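Structural features, examined
Here's the letter readout for the chains.
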Amino acid sequence: VANQLWDEIVSERRREGDSLREVVIANRFGTSRGPAREALKQLAHEGFVTAKPNCCVRVADLTPGYIHYQVVAYQ
């Protein structure tokens, strides 16, 4: 789940400010909310999304340099 969302963010299919809802992600990938939650936590830790407790998760404002650095580090 995290890898697919990461790919969507890096390839700009998901844009800055796009909302990422746990339940929608879980339904999309045919999984429970746990793996969706963990994927969002991982992406937040890596700086690809911003998470506000008890509110929302959104795609972060990413500069091309940051994305390039993370793509190299991620592989």
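Residues numbered from 1 in each chain as written. Predicted model: local features only at pLDDT ≥ 70, side-chain atom pairs only at ≥ 80, totals over all residues. Heavy atoms only, no water.

1. Some thoughts on the nonpolar core
Ranked by size, the top nonpolar core spans 17 residues in total, and within it Ile9, Leu20 and Leu43 carry the most contacts. Put simply, the parts of the chain that give this core at least two residues each are helix H1 (2-10), helix H2 (22-29), helix H3 (33-45) and strand E2 (56-59). Non-local contacts of Leu43, meaning those with residues more than four positions away in its chain, are made with Ala2, Leu5, Trp6, Ile9, Phe48 and Val49. (Core = buried A, V, L, I, M, F, W, Y, C linked by side-chain atoms within 4.5 Å. Buried < 20%, exposed > 50% of the residue type's maximum accessible area, 1.4 Å probe, protein only. Helix = DSSP H or I, 4+ residues; strand = E, 2+ residues; numbered from the N terminus. Contact = heavy atoms within 4.5 Å.)

2. Regarding the layout of surface pockets
Considered as a void within the structure, the largest pocket measures approximately 250 Å³ in volume. As for the largest pocket, its lining consists of 13 residues, of which Leu20, Glu22, Leu40, Cys56 and Val57 are closest to the centre. Elements represented by at least two residues in the lining of the largest pocket include exactly H3, strand E1 (49-52) and E2. Of the residues that constitute the lining of the largest pocket, the class distribution is seven nonpolar, one polar and five charged. (1 Å grid on protein atoms, 1.4 Å probe; cavity = no way out; pocket = protein on both sides within 12 Å on 5 of 7 lines; lining within 4 Å. Points joined across faces, edges and corners; volume = space filled by probe spheres on them. Nonpolar A, V, L, I, M, F, W, Y, C, P; charged D, E, K, R; others polar.)

3. Observations regarding the pattern of salt bridges
Pairing is possible between side chains that carry opposite charge, provided their charged atoms lie close to one another. Counted by the stated rule, this structure contains seven salt bridges. Residue Asp7 is joined to Arg13 by a salt bridge in which the shortest nitrogen-to-oxygen separation is 2.5 Å. When its relative accessible area of 51% is taken as the criterion, Arg13 is described as exposed. The salt bridge partner of Glu38 is Lys41, with a shortest N-O separation of 3.6 Å. (Salt bridge = Lys/Arg side-chain N within 4 Å of Asp/Glu carboxyl O.)

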